[in-house]
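This is what each chain is made of:
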Amino acid sequence: PNAVDDSDILKFTAVQTGPDTAGTFEVYFDGSDVGLTTFDEGVDAVTLLDDGRCVLSVRGSVSVPGVDSANEDLLIFEATSIGDATSGSWSRYFDGSDVALAEGSEDVDGVAVDPSENILLSTVGAFSVSGVSGADEDILVFQPTQLGFSTTGTFSPNLLFDGSSFG
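Residues numbered from 1 in each chain as written. Predicted model: local features only at pLDDT ≥ 70, side-chain atom pairs only at ≥ 80, totals over all residues. Heavy atoms only, no water.

Q: How should the nonpolar core be read in this particular structure?
A: General note: in soluble globular proteins, nonpolar side chains tend to be found buried as a group. In this structure, Leu 74, Tyr 93, Phe 94, Leu 101, Ile 119, Leu 121 and Phe 155 are the most contacted members of the largest nonpolar core, which totals 19 residues. Looking at this core, the elements with two or more residues in it are β7 (74-81), β8 (87-94), β9 (108-113), β10 (119-123), β11 (127-129) and β13 (140-146). Non-local contacts of Leu 101, meaning those with residues more than four positions away in its chain, are made with Glu 72, Phe 94, Gly 96, Glu 106, Val 108, Leu 121, Phe 127, Val 129 and Phe 155. Counting 14 residues, the second-largest nonpolar core is a separate cluster that includes Phe 29, Val 34, Val 58 and Trp 90. (Core = buried A, V, L, I, M, F, W, Y, C linked by side-chain atoms within 4.5 Å. Buried < 20%, exposed > 50% of the residue type's maximum accessible area, 1.4 Å probe, protein only. Helix = DSSP H or I, 4+ residues; strand = E, 2+ residues; numbered from the N terminus. Contact = heavy atoms within 4.5 Å.)

Spelled out as structure tokens, the structure:
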């Protein structure tokens, strides 16, 4: 078996689910192959888009070919090869500081993109952005009008999920 670290993403293929789940793991994304090599570049959030591109966040600052980014940002990886020999190109998907995610506690640590292309986010701690605030157990919704290095859009005034309401 290959060694994995926090910059890698594993894929689990189930042959059985339920109380006795069984299956196999394989390397889906080898981060060190594409520039994720430091402690701060450990993946802490990931989602796959319908077109196969991978959107991810890392725990700190990142410098990969083509883009430097911070922990409140999301990168997008377009693979030309996936698995043990990962290759492809990087770009910025979402610039959190452009939309007031900048405090240390506002490090993105969870992400999903819904069918309307809204970005669902969680953070490592408390957050406060235009129209909504919350804590690390909450999910906020960003409705983009432009993505990339000049991210614009609005946050929904309502949390998608208020974790404190569920203990």
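Q: Whenever I open this one, the packing of aromatic side chains confuses me. Can you help?
A: Aromatic ring pairs are reported here in terms of the distance separating the ring centres and the angle at which the planes meet. In this structure the tally under the stated criterion is 7 aromatic pairs. Here the aromatic rings of Phe 29 and Trp 90 are separated by 6.1 Å at their centres, their planes lie at 85 degrees, and the arrangement is edge-to-face. Linking Phe 29 in strand β2 (residues 22-29) with Trp 90 in strand β8, this pair joins segments that are 61 residues apart in sequence. A centroid spacing of 5.2 Å and a plane angle of 70 degrees characterise the contact between Phe 94 and Phe 142, whose relative ring orientation is edge-to-face. (Phe/Tyr/Trp six-rings, centres within 6.5 Å; stacked < 30°, edge-to-face > 60°.)

Q: Is there a simple way to explain unusual backbone geometry in this structure?
A: The bulk of non-glycine residues show a negative phi, and the bulk of peptide bonds are trans. The backbone phi angle of Ala 100 is positive, close to 75 degrees, even though this residue is not glycine. Structurally, Ala 100 is set in the loop between β8 and β9. Unlike most non-glycine residues, Glu 117 shows phi in positive territory, near 70 degrees. The topology assignment puts Glu 117 in the loop between β9 and β10. Relative accessible area serves as the criterion here: at 56%, Glu 117 is assigned to the exposed category.

Q: When you look at the pairing of β2 in this model, what are you seeing that I'm missing?
A: Where a strand is regular, its side chains alternate between the two sheet faces. Of the pairings in the sheet, the one linking strand β1 (residues 9-16) to β2 comprises 7 bridges and is antiparallel in character. Following the sheet pairing, Phe 12 is matched in β2 by Phe 25. Turn length for the β1-β2 hairpin, with the two strands adjacent in sequence and antiparallel, is 5 residues, and the turn residue Gly 18 shows positive phi of about 110 degrees. (Pairing = 2+ DSSP bridges.)

Q: Explanation requested: the environment of Val 108 in the structure shown.
A: With respect to the secondary-structure elements, Val 108 resides in strand β9. Sequence-wise, Val 108 and Val 15 are 93 residues apart; in three dimensions their C-alpha atoms are separated by 32 Å. Residues within four places of Val 108 in sequence aside, it is in contact with Asp 44, Ser 57, Asn 71, Glu 72, Leu 74, Leu 101, Leu 121, Ser 122 and Thr 123.

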